[in-house]
Amino acid sequence: MAFKPLHDRVLVRRVESDEKTKGGLIIPDSAKEKPAEGEVIACGDGARKDSGELIEMSVKPGDRILFGKWSGTEVTIDGEELLIMKESDILGVMTDAKAAKAA
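Residues numbered from 1 in each chain as written. Predicted model: local features only at pLDDT ≥ 70, side-chain atom pairs only at ≥ 80, totals over all residues. Heavy atoms only, no water.

J.: Which residues make up the overall build of the protein chain, and what values go with them?
T.: Check the secondary structure of the protein chain and you find one helix and eight strands. Counting from the amino terminus, helix and strand elements in the protein chain follow one another as β-β-β-β-β-β-β-β-α. Evaluated residue by residue, the protein chain yields a buried proportion of 27% over its 103 residues. Considering only intrachain contacts with a sequence separation of at least 6, the fraction spanning at least 24 residues in the protein chain is 60%. With an accessible surface of roughly 7500 Å², the protein chain has 52% of that area assigned to carbon and sulfur atoms. (Helix = DSSP H or I, 4+ residues; strand = E, 2+ residues; numbered from the N terminus. Buried < 20%, exposed > 50% of the residue type's maximum accessible area, 1.4 Å probe, protein only. Contact = heavy atoms within 4.5 Å. Areas by Shrake-Rupley, 256 points an atom, 1.4 Å probe, with all protein chains shown as cover.)

What follows is the structure in structure tokens.
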């Protein structure tokens, strides 16, 4: 993929939600909400302060993130539907619970 977001923008691929509930009920496509969870595909270099100093990004490609329901702009790149959003639209980075306990 030949796309690099500018400044403090992030390119995100939505992560599909489960097809079933915990109780085993199958959720039809018409009842599913778009997931607010995704994987960072690419990041810009970061925002700049008024002084011109670069503010580095807090996320990196491969991070699994949570974002607001109405965050980002939907785009199609290489036939794949992705989101472009500002880093400030990201609510948090998900960490693997097992890896966090080991650290």
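J.: Got a sec to walk through the nonpolar core? Specific residues and values, please.
T.: Core analysis: the biggest nonpolar cluster contains eleven residues, these being V10, V12, V40, C43, M57, V59, I65, F67, L83, M85 and I90. Of all the secondary structure elements, the ones that give two or more residues to this core are β1 (9–14), β2 (37–43), β5 (64–67) and β7 (80–86). Not counting residues up to four positions away in its chain, the partners in contact with V59 are V10, V40, C43, I65, E87, I90 and V93. Core analysis: the second largest hydrophobic core is formed by five residues, L11, A42, I77 and I84 among them. (Core = buried A, V, L, I, M, F, W, Y, C linked by side-chain atoms within 4.5 Å.)

J.: So, the pairing of β1: which residues are in play, and what are the values?
T.: The sheet contact formed by β1 and β7 spans four bridges and is antiparallel. Paired with L11 across the two strands is I84, which belongs to β7. Two strands pair when backbone bridges link them, and β1 and β2 are joined in this way by five bridges, in the antiparallel orientation. Bridge pairing in β2 links R13 to E39. (Pairing = 2+ DSSP bridges.)

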